[in-house]
Amino acid sequence: MDKRIPAFPCEPERGFVLVVALLLLTLLIAIAAELATLTSVETVVAARRQAGLQHELAVESTLLVLADVLDNRSRTNLLTDIDQTNEARLNVEIATVKVVCSIRDDGGKLNPLLFESEDQSEALRRKLRLLQTQKGLPICDVHLRPILGDSTQGGLRFHWFDQLLDDAPPGSFFHLGDSASERFHRSVWSDVLTFWGDGRIDLRRVDPIVLEAALEDLRPGLAQKLLASRPADRTVDFRQIALAHIDSEIRERVAARLTFDDHRYALRIDTILGADRRKWYVVARIENGKTTVLHRSPVTW
């Protein structure tokens, strides 16, 4: 009688098969986990991209709303608030995004554009130090670093705060908080400096200290003489009356640095989507219901 042993694998072979099966199972689990992770990451990236788009559209929409509001003076006190306190606030909701917009005059600020040539660097340093001392601005090292540009356009250009100032502590350039005490009792560099416009300073709302810094190289004390003629009604252009009190030998040079009602505003816009809050700094010329954006950037520091 033929007795055969059943064809079952021996113990070593069974162990080897089990190890291979476990390795394959581990590999499949790893692949599944990787796919799940990729899917999760893609979902997060897509959600962030969508949120970013909503924030940016909210900023664009706020500019349109602001242009409409400022154009209809019978419906707004914003211009009066800016004239009296140099700030107005606009709160709106754009779809699911809440927007808090702080509006300040940008025309009445010192523009380094007038003093960007190398032979005027010392004058610019002096003006920055005067502003720092008189306005109680955050202590920074004055370090002029203009970027090289097209020689046909003047050669040197200042475009941002850190080209003028070094070692700036957080909150030196912009108001990062929301409290009224911070906005009205603590000055930052964006309150007194601008990098947009043609360099002329707007007399309508200019701070006397800023005007003095802008003109001190022509003759000290000019700001006081000019602003002595500024009427309570800030919509009245008083340049001719003010310039009549300036000595004739420098009158034209002073007049060349002045303008009135430039309609240029610095906007600090907070966009809030759930727990996601973002900050933007926008400089725009807003006039006759139209908006021309001169600068827009997120504030991330």
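Structure: above.
Just so it is clear, the model here is predicted, and its values are computed rather than measured. (Residues numbered from 1 in each chain as written. Predicted model: local features only at pLDDT ≥ 70, side-chain atom pairs only at ≥ 80, totals over all residues. Heavy atoms only, no water.)

Caption draft 1: Looking closely at the packing of helix H3 (residues 121-135) against helix H5 (residues 208-215). Put simply, H3 and H5 touch, their axes get as near as 9 Å, and they point 160° apart. Between H3 and H5, the crossing angle belongs to the class labelled roughly antiparallel. Regarding H3 and H5, the two cross each other, and that crossing is right-handed. Seen from H3, the contacting residues are Lys127, Leu130, Leu131, Gln134 and Lys135; seen from H5, they are Ile209, Val210, Ala213, Ala214 and Leu215. Its residues placed into classes, the contact of H3 with H5 shows seven nonpolar, one polar and two charged. (Axes fitted to C-alpha atoms, helices over the stretch in contact; angles between N-to-C directions. Helix = DSSP H or I, 4+ residues; strand = E, 2+ residues; numbered from the N terminus. Parallel < 35°, antiparallel > 145°, perpendicular 65-115°, else oblique. Left-handed = near helix turned anticlockwise from the far one by under 90°. Contact = heavy atoms within 4.5 Å. Nonpolar A, V, L, I, M, F, W, Y, C, P; charged D, E, K, R; others polar.)

Caption draft 2: Structural detail: the layout of surface pockets. Each pocket or cavity is described by its volume, and for the largest pocket that value is around 410 Å³. Within the residue set of the lining of the largest pocket, elements represented by two or more residues are helix H2 (78-85), strand S2 (97-105) and helix H4 (180-185). Ranked by residues supplied to the lining of the largest pocket, first place goes to H2 with four residues. Each residue belonging to the lining of the largest pocket can be placed in one class, and the counts come to five nonpolar, five polar and 12 charged. (1 Å grid on protein atoms, 1.4 Å probe; cavity = no way out; pocket = protein on both sides within 12 Å on 5 of 7 lines; lining within 4 Å. Points joined across faces, edges and corners; volume = space filled by probe spheres on them.)

Caption draft 3: Focus on the packing of aromatic side chains. In this structure the tally under the stated criterion is 10 aromatic pairs. Ring centres of Phe195 and Trp196 lie 5.9 Å apart, and the angle between their planes is 85°; on these two criteria the pair is classed as edge-to-face. In terms of burial, Phe195 and Trp196 fall into one category: buried. (Phe/Tyr/Trp six-rings, centres within 6.5 Å; stacked < 30°, edge-to-face > 60°. Buried < 20%, exposed > 50% of the residue type's maximum accessible area, 1.4 Å probe, protein only.)

Caption draft 4: Quick peek at the sheet that holds strand S9 (residues 264-273). Spatially, S1-S2-S9-S10-S11 is the arrangement adopted by the five strands of the open sheet, whose pairing is antiparallel. The open sheet has two free edges, formed respectively by strand S1 (88-94) and strand S11 (290-298), since each of these has just one partner strand. With direction set aside, neighbouring strand axes in the sheet form an average angle of 25°. Set on the sheet, H2 makes contact with S1, S2 and S9; between it and S1 the angle comes to about 145°. (Pairing = 2+ DSSP bridges.)

Caption draft 5: Quick look at the pairing of S9. Judged by how many residues are buried, S9 sits mostly within the fold: 10 of 10 residues are covered. Here S9 shows two buried faces, one formed by Arg264, Ala266, Arg268, Asp270 and Ile272 and the other by Tyr265, Leu267, Ile269, Thr271 and Leu273. In this structure, S2 lies alongside S9, joined through eight bridges in antiparallel fashion. Across the sheet, Ser102 pairs through a bridge with Arg268, a residue of S9. Alignment of S9 against strand S10 (residues 276-287), held across 10 bridges, turns out to be antiparallel. Looking at the pairing, Ile269 lines up with Trp280 of S10. Connecting the antiparallel pair S9 and S10 is a turn made up of two residues, with Gly274 showing a positive phi of about 65°.

Caption draft 6: Inspection of the nonpolar core at higher detail. Leu131, Leu164, Trp189, Leu193, Leu211, Leu226 and Val254 are the most contacted members of the largest nonpolar core, which has 46 residues in total. Of all the secondary-structure elements, those providing two or more residues to this core are H3, H5, helix H6 (222-227), helix H7 (239-243), helix H8 (248-255) and S10. Sorting elements by how many residues they give to this core places H5 first, with five residues. Residues contacting Leu211, with those up to four places away along its chain left out, are Ile201, Leu203, Val206, Ala223, Leu226, Leu227 and Leu258. By size, the runner-up hydrophobic cluster in this structure holds 27 residues, among which are Val92, Ile103, Trp280 and Val282. (Core = buried A, V, L, I, M, F, W, Y, C linked by side-chain atoms within 4.5 Å.)

Caption draft 7: Quick peek at empty space enclosed by the protein. Applying the stated criterion across every chain yields a total of two cavities of 30 Å³ or more. Taken as a whole, the largest cavity holds about 130 Å³ of empty space. Ser102, Arg104, His175, Asp191 and Arg268 are, among the 14 residues lining the largest cavity, the residues nearest its centre. Of all the elements in the fold, those that place two or more residues in the lining of the largest cavity are S2 and S9. The greatest single-element share of the lining of the largest cavity, amounting to three residues, is contributed by S9. Of the residues in the lining of the largest cavity, the class split is four nonpolar, three polar and seven charged. Of the volumes computed, that of the second largest cavity is approximately 30 Å³. Leu110, Asn111, Leu114, Phe115, Gly199, Ile201, Ala214 and Arg257 together form the lining of the second largest cavity. Partitioned by chemical class, the residues of the lining of the second largest cavity number five nonpolar, two polar and one charged.

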